[in-house]
Amino acid sequence: MSKQYEIPIGAQHISLLEPLHFKFTTENEKVVRTDANVYYVHRGIEKACCTKFKFRQVSFVVGRVCGLCSISHTTAYSQVAEKLVKIEIPKRAKYLRMLVIELDRIHSHLLCLSHVAENSGFEALFMKTMQYREFAMELLEAVCGNRIQYDFSIVGGVARDLKPLVANSIIARLKTFMPQLDELVDIYSNNWTLSLKNKGAGVITKETAMRLNVVGPFARSAGLAIDVRNDTEDLLPWKEVGFEMITDTAGDVYARNMVRLRELYVSIRIIQNVINGLPEGELVTETKAFPDGEAVVRLEAPRGELFYYAKGNKTQMLERLKIKAPTFSNIAGMVEAFEGNEYGSVPAIIASYDPCLSCTAR
Amino acid sequence: MNKIETNLATLRDDIRSFYNPAMHHFIVMNAVDLGQQMEVQWFFSNYAPPGDITTFYALVNPDEMIPSIREIVPSAWVAEAELVDLMNISIENTSKGFVLEPDFESGPLRKGK
Amino acid sequence: MKLAAYRKKSPWILHYNAGGCNGCDIEILACLAPKYDIERFGMINTGNPKQSDILLVTGPVTKRSRERLVEIYAQMPEPKVVLACGACASTGGVFRGMYNCEGGIDQYIPVDVYVCGCGTRPEQIIDGVVQALAILEQKSKSMEESVRLNKHAVKEDNQFNRRHVAAEVLKPALS
Amino acid sequence: MKTFLNAIGNIFRQPVTTKYPFEPTFKPDDYRGLIGFEESLCIWCRRCEAVCPPGAIVFSQDMEGKQTYHFNRAVCIYCGECVRACPKEGALFQTAEPAPCALKAENINNGWNKLYDDALASREAYAAEKKRRAAAEKTAATTNPIKPAASEGE
Amino acid sequence: MNHLIIALLLVVLAPILGGLLFGFERIIKARMQRRIGPPLLQPFYDFLKLADKRKMVVHSAHAFLGIMHFVALWFALAVLLLGGDLILVIFLHLLSAALLIMAAYSTRSIFSHLGANRMAISILAYEPILILIAVSIFMLTGSFEASTAFASSEPLLFKMPLAFIALLLVLPIKLKKSPFDVAEAHQEITGGADLEFSGLFYEAVYTAKWLDYVFCYTLVYLFAGNSILLGIVLVVFVFLYINALDNSSARVNYKQMLRFSLAVSFTLAFINLIINSLS
């Protein structure tokens, strides 16, 4: 029984994007216990969505729940609101939503990968990944008019149309991105020191994943095949644009990187299919109805399953809006997967969870 | 989404008889303030497509003690701790202060707050 | 020789997220990335308050992160400049009036440059930093008082609107 | 090993960095930038104020019923909802210009809070004033050209 | 006589030389990452800026130890450049590191304790190799004086290549470069030992980093004997090697580092020593 250090990480720490606080109890730099305090970012959005904003404005507010998956939040909210006002949106709007969601997934996954590289002390790879990521940001800016907060989905459809020029540029940039992605895959899988750092770190088994109900790449890396795109056909037609499930078995940081990288290929294929098969038609379905009844919506955000529950009462204001973010489901798994790891690899593990606490705390 | 009505007495048995870790995914726990009463909901979904959602809901009074399901679903403690703070309800062996500050008047999502 | 001229040549930045969405934070990361490489201006992202000159804060100040914000600000040695990145850090943006945020970091610490936009483009951040450098040169080494935390400043009022309270309590400190 | 050689090779490659503050970077011409306001076209319906999520637009009103438009670029989230809601073509439009930074002197936060409350107060004052006038001479009230003050947004 | 003047000049100018090296290295690093990077004089700008900031002293002993770290390192460098005893050089260098470790342990911050901890371990990783190299130099030249090594007509590189490889393997540890930069793992312990320094006193630690560069590259130059051309070639080669390695590898944790260093580098240096002492 050697001396136990208590190492705090956060709330402000260079390897953290956002304020979360972990307290690691370590024995000669081996983590034996973890305490997490993740609700630094709680702003009270659910309450404000029911009392402060009309249900059409809420789609812009929930976009600000999280800057990384804002399109997922706006889309999920728009879908649940459309269920409440009982309208069917045009097919073109559905396709455009899928396009932006996948572009957002590309930039989010690349950001997470670069963050893993940075936190495992590989600065050059961080720089390289960020450099390759810029194309996704530029495309998103061209499509939605802003680099981060897209405000693309509104209740009843999408806010902007896709110009043919932009569509062509997307196809062209994806072509140039392909070899870069191959290069990244090569580095992430073959670099010796990186695999030394990442293999066997932060392992979660399939049984644990099932027991703790984790979602997203965190669960898929452990072999638990959970992806909402696989089973919500009614809202967004994922299957017909060529979605396929990506899983791995190891469940460590390395496996998570690999899952994310392979999902990028899927996203690229989806984007190409969407643009090639983009149907003509309206962008927005107008309606004067007020939300009524209750509805739930699940959507696959870059980090996993996003869940919206809404209840309306025939007025401008919603009765209740419940947001369940992906990271919210992963907290229990995150805390458990730290046990028995080197403290040195803890930042890399945190980054590989891709935690989004502004989603979690709302 | 199929809703199953239950009450606090039989809640644990219902969920235990329903929940199978290999098949079902516990999504989240939610509560809606209906004025006098409160509707507490537990959302589950299937892993196998089409992942249809099963909801257990119970109508409780705000001062009632709600049984915790964390020995059936270990990861439920996050949702329970959050709900205790946000809705100012009481759940077995769950303490306040996970989401909000200790000095904060709890239950911001209740009606009339 | 005049040392103050060299402050603007090597500003070291410290980044703190006071509870916003991560939008502006990833844009700050993008500023470090090769495309907009702010190390051109000699900036390093030090994770250490004691060695940094510019404090980049994003997000409306939430109840739980406000102590940390004031603490970090107090740890930074003068001369120092505070940048509020994004709408929510400047004024609370879309979050102003929500029950758990304070609506803008200048309710707690004196802010020198407000970078507008939601989310801010890296260009905007760089512009803001360039302006901050000009201010940094004028700054003196005298202590700059940060708004202390008192229960009164953050007392609840129920119609979701702490703006008046904050304004009248903090007027002396912000002037 | 490949990365090792690549790193050495990169010394002789051209950096990808943009020279931003000295040269402009690429920006799409439909970037969601500052909100422009054309006073001559505005019909003073205050719909933009009603739909703006953060409350970055507010109309104040003097005793003669003349309204003035106030916009705070640090509160605005550039969602473009006000432009979509504007019934008059061209009265409210979104430029492609990113918002400039604000300095401490502008007092952009607390000053705006004060302005916001003053604007609402001024409108209530005008409404009361108008009611008083209407009570004074009913005939004038029917043909009063000034729009009655609509209820505020939130 | 002439040599002596040059050596003295080098000793006096060592901080400036190191600063230039540091700035140049930052540019090279940026270029390796496809960036433009800071201007060459950036370290000196930082230096002047830090001189201008308000000082926050944790406690006086802490600041004093920080400055002594710098002074001891400069002494070590001076002895090396003036051709003094290599053993003395190594122990002075060890002393300077020990001073910084003491400073780090004297604070309350847990990160600075961890940094000191890891610094001690990295000393354990590289000092034995340095000593072995010194001893094998003694075996070759018959004296511990660095001057004889500088003056030796045929370069040591060809006589003790294994020792040179061992040196190459431990230099990243000394210069705190990845994969062996556990001592100041920025993402884990945010700088480690120099965490609590600020203002003028951080300057001492910051400048000591520059001196470390000069020290290491002088060690490399030692292998070139009296042929200046070969020395310059060696220094440039090692410079490129270290930076490329830094830009193509992640950080290993300190146990792996210790294992690697003692298993590979130590063995190489030891074999080399045996060969030299037999011949």
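Conventions we followed
Residues numbered from 1 in each chain as written. Chains lettered and ligands numbered in written order. Predicted model: local features only at pLDDT ≥ 70, side-chain atom pairs only at ≥ 80, totals over all residues. Heavy atoms only, no water. Helix = DSSP H or I, 4+ residues; strand = E, 2+ residues; numbered from the N terminus. Buried < 20%, exposed > 50% of the residue type's maximum accessible area, 1.4 Å probe, protein only. Contact = heavy atoms within 4.5 Å. Areas by Shrake-Rupley, 256 points an atom, 1.4 Å probe, with all protein chains shown as cover. Rg over C-alpha atoms; globule rule 2.2 N^0.38 Å. Axes fitted to C-alpha atoms, helices over the stretch in contact; angles between N-to-C directions. Parallel < 35°, antiparallel > 145°, perpendicular 65-115°, else oblique. Nonpolar A, V, L, I, M, F, W, Y, C, P; charged D, E, K, R; others polar. Phe/Tyr/Trp six-rings, centres within 6.5 Å; stacked < 30°, edge-to-face > 60°. Lys NZ or Arg CZ within 6 Å of the ring centre and 35° of its normal. Salt bridge = Lys/Arg side-chain N within 4 Å of Asp/Glu carboxyl O. Buried area = accessible area lost by both parts, 1.4 Å probe. Polar contact = N/O pair within 3.5 Å; in protein donor to acceptor, adjacent residues only side chain to side chain. pLDDT = per-residue confidence, 0-100. Pairing = 2+ DSSP bridges. Core = buried A, V, L, I, M, F, W, Y, C linked by side-chain atoms within 4.5 Å.

**What about the overall build of chain C?**
Then, in step 1: Each helix and strand in chain C was counted, giving five helices and five strands.
Then, in step 2: If you list the helices and strands of chain C from N to C, you get β-α-β-β-α-β-α-β-α-α.
Then, in step 3: Here chain C holds 175 residues, and 74% of them are scored as buried.
Then, in step 4: Put simply, of all contacts in chain C between residues at least 6 apart along the chain, 79% involve residues at least 24 apart.
Then, in step 5: When the accessible surface of chain C is totalled, it reaches about 4,700 Å², and 57% of it is carbon and sulfur.

**A look at the overall build of chain B**
Then, in step 1: In terms of helices and strands, chain B carries two helices and six strands.
Then, in step 2: Ordering the α and β elements of chain B from the N terminus gives β-α-β-β-β-β-α-β.
Then, in step 3: Relative to the compact-globule value of 13 Å for 113 residues, chain B shows a C-alpha radius of gyration of 14 Å, a close match.
Then, in step 4: Its C-alpha atoms give chain B principal-axis dimensions of roughly 45 × 25 × 25 Å.
Then, in step 5: Buried positions account for 56% of the 113 residues belonging to chain B.
Then, in step 6: Put simply, of all contacts in chain B between residues at least 6 apart along the chain, 46% involve residues at least 24 apart.

**Things to note about the packing of helix α4 (residues 86-105) of chain E against helix α5 (residues 110-141) of chain E**
Residue and element names in this part refer to chain E.
Then, in step 1: For the pair α4 and α5, the least separation of the axes is 10 Å and the interaxial angle reads 175°. The orientation of α4 relative to α5 falls into the category roughly antiparallel.
Then, in step 2: Considered class by class, the residues forming the contact of α4 with α5 number 18 nonpolar, four polar and one charged.

**Some details on the environment of Leu156 of chain E**
All names here are of chain E.
Then, in step 1: Checked against the element boundaries, Leu156 lands in helix α7 (residues 156-159).
Then, in step 2: For the pair formed by Leu156 and Pro38, sequence separation is 118 residues and the distance between their alpha carbons is 37 Å.
Then, in step 3: Beyond its immediate sequence surroundings of up to four residues, Leu156 is in contact with Ile137, Leu140, Thr141, Ala149, Leu222 and Phe223.

**Points about the packing of aromatic side chains**
Then, in step 1: Across all of its chains, the model carries 28 aromatic pairs over all chains by this definition.
Then, in step 2: Relative to Phe43 of chain B, the ring of Phe307 of chain A has its centre 4.9 Å away and its plane inclined at 55°; by these criteria the two rings are tilted. Taken together, the positions of Phe307 of chain A in strand β7 (residues 304-313) and Phe43 of chain B in strand β3 (residues 38-46) put the pair across two chains. Judged on exposure class, the residue Phe307 of chain A and its partner Phe43 of chain B are both buried.
Then, in step 3: An aromatic cluster is present here, built from Trp12 of chain C together with Phe22, Phe44, Phe47, Tyr202, Tyr206, Trp210 and Tyr213 of chain E joined pairwise through their rings.
Then, in step 4: Taking NZ or CZ as reference, Arg229 of chain A lies 5.7 Å from the ring centre of Trp238 of chain A, over its face.
Then, in step 5: Here the guanidinium or amino end of Lys174 of chain E rests over the ring plane of Tyr126 of chain E, the centre of that ring lying 5.0 Å away.

**Looking at the pattern of salt bridges**
Then, in step 1: Scanning the entire structure with this criterion turns up 46 salt bridges over all chains.
Then, in step 2: One salt bridge connects Lys3 of chain B with Glu39 of chain B, and the closest N-O pair in it is separated by 3.0 Å. Of the two residues, Lys3 of chain B sits in strand β1 (residues 2-5) while Glu39 of chain B sits in strand β3, which places them 36 residues apart along the sequence.
Then, in step 3: Among the residues examined, Glu39 of chain B registers a relative accessible area of 6% and is labelled buried.
Then, in step 4: Between Asp46 of chain E and Arg26 of chain E there is a salt bridge, and its shortest N-O distance comes to 3.3 Å. One end of the pair, Asp46 of chain E, is in helix α2 (residues 42-52); the other, Arg26 of chain E, is in helix α1 (residues 2-32), and 20 residues separate them in sequence.
Then, in step 5: Overall, the relative accessible area of 10% leaves Arg26 of chain E in the buried class.
Then, in step 6: Among the charged side chains, a salt-bridge network with shared partners connects Glu102, Arg105, Arg220, Asp227, Arg229, Glu263 and Glu300 of chain A.

**Some thoughts on the interface of chain D and chain E**
Then, in step 1: Opposite the 11 residues of chain D that make contact, chain E presents 12 residues.
Then, in step 2: Each partner contributes to the roughly 1,100 Å² buried at the junction of chain D and chain E, and carbon and sulfur atoms together form 70% of this total.
Then, in step 3: Three residues, Phe4, Ile11 and Pro15 of chain D, lead the burial of chain D against chain E; their summed loss comes to 43% of the area buried on that side.
Then, in step 4: Across the chain D-chain E interface, the total number found is zero salt bridges.
Then, in step 5: One can count zero residue pairs in polar contact (both at pLDDT 80 or more) joining chain D with chain E.
Then, in step 6: Class assignment of the residues belonging to the side of chain D that touches chain E gives a composition of six nonpolar, four polar and one charged.

**A word on the confidence of the model for chain C**
All names here are of chain C.
Then, in step 1: Across chain C, the average pLDDT comes to 73, with 77% of residues at 70 or higher.
Then, in step 2: Confidence over residues 148-175 falls short of pLDDT 50; this stretch has 50 contacts with residues more than four positions distant or in other chains.
Then, in step 3: For this predicted complex, the interface confidence comes out at an ipTM of 0.82, alongside a pTM of 0.86.

**Considering the sheet that holds strand β2 (residues 21-27) of chain A**
In a beta sheet, neighbouring strands are held together by backbone hydrogen bonds and run either parallel or antiparallel to one another.
Residues and elements named next belong to chain A.
Then, in step 1: Ordered in space as β1-β2-β3, the three strands form an open sheet in which the pairing is antiparallel. Strand pairing shows two members of the sheet lacking a second neighbour, β1 (4-9) and β3 (30-37), which therefore form its edges. In this sheet, neighbouring strand axes are inclined to one another by 20° on average, regardless of whether the strands run parallel or antiparallel.
Then, in step 2: Strand direction decides the pairing type here: β1 and β2, joined by six bridges, are antiparallel.

**Section: the sheet that holds β7 of chain A**
All names here are of chain A.
Then, in step 1: Read across the sheet, three strands follow the order β6-β7-β8 without closing on themselves; strand pairing throughout is antiparallel. Each edge of the open sheet is held by one strand with a lone partner, namely β6 (292-301) and β8 (318-324). The sheet shows a mean angle of 10° between the axes of neighbouring strands, direction not considered.
Then, in step 2: Relative to β7, β6 runs antiparallel, the two sharing 10 bridges. If you follow Val296 over to β7, its bridge partner there is Tyr309.
Then, in step 3: Relative to β6, helix α3 (residues 70-85) is tilted by about 150°, and along the sheet it contacts β6, β7 and β8.

**Here's the deal with the interface of chain C and chain A**
Then, in step 1: On the side of chain A, 43 residues touch chain C, which itself brings 43 residues to the contact.
Then, in step 2: Summed over the three residues of chain C that lose the most area to chain A, namely Asn22, Ile26 and Arg64 of chain C, the buried surface amounts to 16% of that side.
Then, in step 3: Here Lys35 of chain C ties to Glu134 of chain A by a salt bridge, and the two come within 4.0 Å at their closest N and O atoms.
Then, in step 4: Here chain C is connected to chain A by five residue pairs in polar contact (both at pLDDT 80 or more).
Then, in step 5: When residues of the side of chain C that touches chain A are assigned to their parent elements, the largest contribution, eight residues, is made by helix α1 (residues 23-32) of chain C.

**Focus: the environment of Phe111 of chain E**
Then, in step 1: Position of Phe111 of chain E among the secondary structure elements: in helix α5.
Then, in step 2: Once the C-alpha coordinates of Phe111 of chain E and Ile28 of chain E are considered, the two residues, 83 residues apart in sequence, prove to be 30 Å apart.

**Side note on the nonpolar core**
Then, in step 1: With 138 residues, the main nonpolar core has Tyr77, Ile170, Tyr308 and Leu321 of chain A as its most contacted residues.
Then, in step 2: Top element by residues in this core is helix α5 (residues 123-144) of chain A. It accounts for 14 residues.
Then, in step 3: With residues up to four places along the chain from it excluded, the contact list for Leu321 of chain A reads Glu46, Cys49, Cys50, Val58, Val62, Tyr77, Tyr308, Tyr309 and Ala310 of chain A.
Then, in step 4: Judged by nonpolar contacts, the second largest core, of 94 residues, contains Val11, Leu86, Leu132 and Phe197 of chain E.

**Section: unusual backbone geometry**
Then, in step 1: Residue Lys314 of chain A is not a glycine yet carries a positive backbone phi of 60°.
Then, in step 2: Position of Lys314 of chain A among the secondary structure elements: in the loop between β7 and β8.
Then, in step 3: Residue classification places Lys314 of chain A among the exposed residues on the basis of a relative accessible area of 58%.
Then, in step 4: Although it is not a glycine, Arg46 of chain D sits at a positive phi angle of roughly 60°.
Then, in step 5: Assessed through its relative accessible area of 7%, Arg46 of chain D is described here as buried.

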